[in-house]
Amino acid sequence: RGQQMVHLAQDAVPGASLMKEHAAVVEPKVQKKQTLWIIRGNAYDLTGWASQHPGGSEIIEQTAGTDCTSLFESYHALSHQPVHKMLKKFFVRPAYTEEQDVSITWPWEETPIYDELKERVKDYLAGRSPKAPKWLLATWYPFWLALFLYSIWSWLTQGRFHHAVIL
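Since this is a predicted model, take the numbers as computed values, not measurements. (Residues numbered from 1 in each chain as written. Predicted model: local features only at pLDDT ≥ 70, side-chain atom pairs only at ≥ 80, totals over all residues. Heavy atoms only, no water.)

**Topic: the side chain of Asp 67**
The following threshold applies: Per the convention used, a helix needs a DSSP run of H or I reaching at least four residues, while a strand needs a run of E reaching at least two, with both numbered from the N terminus. Each polar contact in these results corresponds to two N or O atoms within 3.5 Å; when the atoms are within protein, one needs to be able to donate a hydrogen and the other to accept it, and residues that are neighboring in sequence are counted only if both atoms are side-chain atoms.
Mapped onto the fold, Asp 67 is located in the loop between helix 1 (57-62) and helix 2 (69-75). Within the structure, the side chain of Asp 67 is placed 2.6 Å from the side chain of Thr 69, a separation counted as a polar contact. At a separation of 2.6 Å, a polar atom in the side chain of Asp 67 contacts the main-chain amide nitrogen of Asp 101.

Dropping the structure here:
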């Protein structure tokens, strides 16, 4: 940012007895910088993709202008979608050194142990649901509902306020 000194003459400011000097910040005309996401040493423009992202646009918006390689890799570690191939259509250019953080310090293309671990975890989780079994939900929710109702009943009928406070 450049600064330009603005001098105000005595007659320009009513009631001023001395010449005053004020510093005004003058914004230089800068071409609007394109917001890019750095992933594995490449710069991508994900602006148009944010609203379509299956994980929501918030994470895309929060990581704009950063090297989000580690976040990208961790979120998509078990993805069955070819996410690295999907990135190709958003490729802008190779990332500059000063834009990179994790991309430049870790050889993301050469991770055989990590790649094998991801495949083993995918194989282990194949066909398994991340949700709780239905039998557990069928007992879990009624248990807490009964406990809640008992606490309220105990408080209202017997004045045992401490029973209701527990929940």
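**A few points about the nonpolar core**
The line we're drawing: Residues belong to a common nonpolar core when they are buried Ala, Val, Leu, Ile, Met, Phe, Trp, Tyr or Cys residues joined through side-chain atoms within 4.5 Å. Note on classification: 1.4 Å probe, protein chains only; a residue is buried when its accessible area is under 20% of the maximum for its type, exposed when over 50%, partly exposed between these limits. Residues count as neighbours in contact if any of their non-hydrogen atoms are within 4.5 Å of one another.
Counting 12 residues, the largest nonpolar core is built from Trp 37, Ile 39, Tyr 44, Leu 46, Trp 49, Ala 50, Ile 60, Cys 68, Phe 72, Val 83, Leu 87 and Phe 90. Breaking this core down by element, the ones donating at least two residues are strand 3 (37-39) and helix 3 (83-87). Contact partners of Cys 68, with chain neighbours within four places excluded, come to Trp 37, Ile 38, Ile 39 and Thr 63.

**Some points on the pattern of salt bridges**
Rules: Each reported salt bridge corresponds to a side-chain nitrogen of Lys or Arg within 4 Å of a carboxyl oxygen of Asp or Glu.
Going through the model one piece at a time under the given rule, you end up with 5 salt bridges. A salt bridge links Glu 119 to Lys 122, with the shortest nitrogen-to-oxygen separation between them at 3.7 Å. Pair noted here: Glu 119 and Lys 122 are both in helix 5 (residues 112-125), with a separation of 3 residues, about one helical turn. A residue is classified by how much of its surface remains accessible, and Glu 119, at 41% relative accessible area, is partly exposed. Among the residues examined, Lys 122 registers a relative accessible area of 18% and is labelled buried.

**Thoughts on the side chain of Thr 63**
By secondary structure assignment, the location of Thr 63 is in the loop between helix 1 and helix 2. Of the polar contacts made by the side chain of Thr 63, one reaches the side chain of Trp 37; its length is 3.3 Å. Polar contacts involving the side chain of Thr 63 include one to the main-chain carbonyl oxygen of Ile 59, which spans 2.9 Å.

**Brief notes about the layout of surface pockets**
Where we set the bar: Of the grid points, spaced at 1 Å and generated over the protein atoms alone, those admitting a 1.4 Å probe that cannot get out make up cavities, while open sets with protein on both sides within 12 Å along at least five of seven lines make up pockets; any residue with an atom within 4 Å of a point is treated as lining. Grid points are joined across faces, edges and corners, and a volume is the space filled by probe spheres set on the points. Gly is put with the polar residues, along with every residue not named as nonpolar or charged; the nonpolar set is Ala, Val, Leu, Ile, Met, Phe, Trp, Tyr, Cys and Pro, and the charged set is Asp, Glu, Lys and Arg.
Taken as a whole, the largest pocket holds about 450 Å³ of empty space. Surrounding the largest pocket, 21 residues form its lining, Trp 49, His 53, Phe 72, His 76 and Val 83 being those nearest its centre. Within the residue set of the lining of the largest pocket, elements represented by two or more residues are strand 3, helix 1, helix 2 and helix 3. Here the residues of the lining of the largest pocket are counted per class, giving 15 nonpolar, 6 polar and no charged.

**Considering the confidence of the model for the chain**
Put simply, the test is: Note on scores: pLDDT gives the predictor's confidence for each residue, bounded by 0 and 100.
Taken over all residues, the pLDDT of the chain has a mean of 75, while the share at 70 or more is 75%. Element-level mean pLDDT values for the chain span from 37 in strand 2 (residues 20-26) up to 94 in strand 5 (residues 91-94). Considering only residues more than four positions removed or in separate chains, one finds that residues 1-32, a stretch of pLDDT under 50, has 27 contacts.

**Here's the deal with the environment of Glu 73**
Mapped onto the secondary structure, Glu 73 falls in helix 2. With a relative accessible area of 3%, Glu 73 lands in the buried category. A sequence separation of 35 residues divides Glu 73 from Trp 108, and the C-alpha atoms of the two residues are 9.1 Å apart. Residues contacting Glu 73, with those up to four places away along its chain left out, are Arg 40, His 84, Trp 108, Tyr 114 and Lys 118. Side chain to side chain, Glu 73 and Arg 40 meet in a polar contact 2.7 Å long.

**Side note on helix 5**
What counts, and what does not: By definition here, a helix of n residues has an expected span of 1.5 Å times n minus one.
The terminal C-alpha atoms of helix 5, which comprises 14 residues, lie 20 Å apart, in line with the 20 Å expected from a rise of 1.5 Å per residue. After helix 5 finishes, the residue Gly 127 shows a positive phi value of roughly 80°.

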